Structures are given as C-alpha cells and as structure tokens.
Amino acid sequence: MVRLPLTPEEVERGQRLGAILRRARGGRSMLATALDARVSPETLRKIESGRVATPAFPTIAAIADVLGLSLDAVWAEINQPEHAAKPTTSTRNPRTRLAS
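In this report, we go over the structure that sits alongside the text. (Residues numbered from 1 in each chain as written. Predicted model: local features only at pLDDT ≥ 70, side-chain atom pairs only at ≥ 80, totals over all residues. Heavy atoms only, no water.)

Description of helix H5 (residues 71-78)
Now for step 1: Every buried residue belonging to H5 is among Ala 73, Val 74, Glu 77 and Ile 78, and all of these are buried. Angularly, the buried residues of H5 cover 125 degrees about the axis, an arc narrow enough to put them on a single face. Exposed residues on H5 whose side chains face more than 90 degrees from its buried face are Asp 72 and Trp 75.
Now for step 2: Its buried side turned inward, H5 meets helix H1 (8-25).
Now for step 3: Taking the backbone nitrogen of Asp 72 as reference, a side-chain oxygen 3.2 Å away marks Ser 70 as the first, capping residue of H5. (Buried < 20%, exposed > 50% of the residue type's maximum accessible area, 1.4 Å probe, protein only. Helix = DSSP H or I, 4+ residues; strand = E, 2+ residues; numbered from the N terminus. Arc of directions from axis to C-beta. Contact = heavy atoms within 4.5 Å. Polar contact = N/O pair within 3.5 Å; in protein donor to acceptor, adjacent residues only side chain to side chain.)

Listed below in structure tokens is the structure:
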C-alpha cells in the first residue's frame, strides 16, 4: 500500500497535537507517561515532536487518558488554525481549555 504525502494542514495539525501533549505532560517524564499509556517512549517522542503527524487513534486515546485529557478537547484544539489556538492577552493557564 502506498501512503500519500501529508498535506501541509495535516503536518500542522500533527505539530499542534504534539504541543498539546507536551504541555499537558508538564513535568511528568516522557518515559513514565509512555509506559503508563503502554506505548513506546520513542512513539511518544515522535508524536510530541510532530514527526508522526497522523498517529493511530488508540495511541492518542491512551496517551490522552494517562494525561487526563478529553479527546473532544484535543480534537477541537488540533483543528483550530494556529493563530486561533493561542490567546493573545489571556493570563489563563494554557491547559485550562483541555481540562475536562
């Protein structure tokens, strides 16, 4: 099976997903997070760095569960354009939107 190249939008969405997961992970170690989600640390590293722009749904579901993230909130945030995803003058904690 030949895999089609990713569109620029898919690449950007993957980068936003990685940023969301990194931010939610906070000070928690990548190794502990990966092991708790039952994914390899290398997989988590690639997702967080945006190198895997379209990870499998069960992988993201497992990581989100470990980090206490709502999949609905993650989906909504990764589908926002970059300029809309960042508040310009808000003093809120950036994780507030994802807490559910």
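As for unusual backbone geometry
Now for step 1: One non-glycine residue, Arg 38, adopts positive backbone phi at about 60 degrees.
Now for step 2: Among the secondary structure elements, Arg 38 is positioned in the loop between helix H2 (30-37) and helix H3 (41-49).
Now for step 3: Arg 38 gets classed as exposed once you look at its relative accessible area, which sits at 79%.

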